[in-house]
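Results of the structural survey
The lines below spell out each chain.
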Amino acid sequence: MMDYDDTFVKLCEQLCSKDTYSDESKVKAHNSAMKELAKLQNDMRNTDNGSVDVYGQLLVHKNDMVKLTAAAQCIQVGILKQKSIKILKRLSRDSQDSICRFDAEMILKTYR
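This part takes up the side chain of His30. Examined against the element boundaries, His30 turns out to sit in helix H2 (residues 24–45). On the basis of relative accessible area, His30 is assigned to the buried category, the value being 11%. Among all residues touching His30, those that are not within four sequence positions of it are Gln14, Leu15, Cys16 and Tyr21.

Next up, the structure:
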């Protein structure tokens, strides 16, 4: 069985931050990671693997991009929604990365 949380974290570590959005190779890696994250989300949704537990752990990860991505996916699939909204509000206010703050704000606007 796939180690969903480790795979998720490794993919999120490839996502662009405010310092890497101008680097073409980083953007390509970001786009590839996003495609893999979408596949992972679909896989987690379609298997009985305790995805609520996995997402619960990811929502409290130390990396803001991991929390942001996990919260967005939780809202999309309809699990841990209130916890995800709280995390997105916190990220939109407190994240040190302006891209993460902006993304959190946009996700909140989209799903309200």
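Don't stop here, the text continues.
Moving on: the packing of aromatic side chains. The way to describe two aromatic rings as a pair is by their centre distance and the angle between their planes. Enumeration according to the criterion identifies one aromatic pair in this entry. Judged by centre distance (6.2 Å) and plane angle (85°), the ring pair of Phe8 and Tyr55 falls under edge-to-face. Of this pair, Phe8 sits in helix H1 (residues 4–12) while Tyr55 sits in helix H3 (residues 51–58); the two residues are 47 residues apart in sequence, bridging distant segments of the chain. The buried category is assigned to Phe8, whose relative accessible area is 0%.

With 31 residues, the main nonpolar core has Phe8, Tyr55, Leu58, Leu68 and Leu88 as its most contacted residues. Every element with two or more residues in this core is listed here: H1, H2, H3, helix H4 (64–77), helix H5 (81–94) and helix H6 (98–110). The biggest single contributor to this core is H4, with eight residues. Among all residues touching Phe8, those that are not within four sequence positions of it are Leu37, Leu40, Tyr55, Leu58, Val66, Thr69, Ala70 and Gln73.

Backbone geometry places Leu80, a non-glycine residue, at a positive phi of 50°. On the secondary structure map, Leu80 appears in the loop between H4 and H5. What makes Leu80 partly exposed here is its relative accessible area of 27%.

Attention now moves to the layout of surface pockets. Within this model, the largest pocket holds a volume of roughly 240 Å³. Of all elements in the fold, only H2, H4 and H6 reach the threshold of two or more residues within the lining of the largest pocket. With six residues, H4 is the single largest residue contributor to the lining of the largest pocket. When grouped by side-chain class, the residues that make up the lining of the largest pocket number nine nonpolar, five polar and one charged.

Time to look at the pattern of salt bridges. By the definition in use, this model includes four salt bridges. Taking the shortest distance from any N to any O, the salt bridge between Glu36 and Lys39 comes out at 3.3 Å. Residue Glu36 and its partner Lys39 are located together in helix H2, separated by three residues, close to a single helical turn. Notably, a salt bridge pairs Asp94 with Arg93, separated by 3.1 Å at the nearest N-O pair.

Turning to H2, a few remarks are in order. Compared with an ideal rise of 1.5 Å per residue, which puts 22 residues at 32 Å, H2 spans 32 Å between its outermost C-alpha atoms and is within 8% of the ideal. Along H2, the positions that sit buried rather than exposed are His30, Ala33, Leu37, Leu40, Gln41 and Met44. Viewed end-on, H2 has its buried residues packed into an arc of 100°, placing them on one side of the element. For H2, exposure combined with an orientation more than 90 degrees from the buried face picks out Glu24, Lys28, Lys35 and Lys39. Taken together, the buried residues of H2 touch H1, H3 and H4.

How each quantity is defined
Residues numbered from 1 in each chain as written. Predicted model: local features only at pLDDT ≥ 70, side-chain atom pairs only at ≥ 80, totals over all residues. Heavy atoms only, no water. Helix = DSSP H or I, 4+ residues; strand = E, 2+ residues; numbered from the N terminus. Buried < 20%, exposed > 50% of the residue type's maximum accessible area, 1.4 Å probe, protein only. Contact = heavy atoms within 4.5 Å. Phe/Tyr/Trp six-rings, centres within 6.5 Å; stacked < 30°, edge-to-face > 60°. Core = buried A, V, L, I, M, F, W, Y, C linked by side-chain atoms within 4.5 Å. 1 Å grid on protein atoms, 1.4 Å probe; cavity = no way out; pocket = protein on both sides within 12 Å on 5 of 7 lines; lining within 4 Å. Points joined across faces, edges and corners; volume = space filled by probe spheres on them. Nonpolar A, V, L, I, M, F, W, Y, C, P; charged D, E, K, R; others polar. Salt bridge = Lys/Arg side-chain N within 4 Å of Asp/Glu carboxyl O. Expected span 1.5 Å × (residues − 1). Arc of directions from axis to C-beta.

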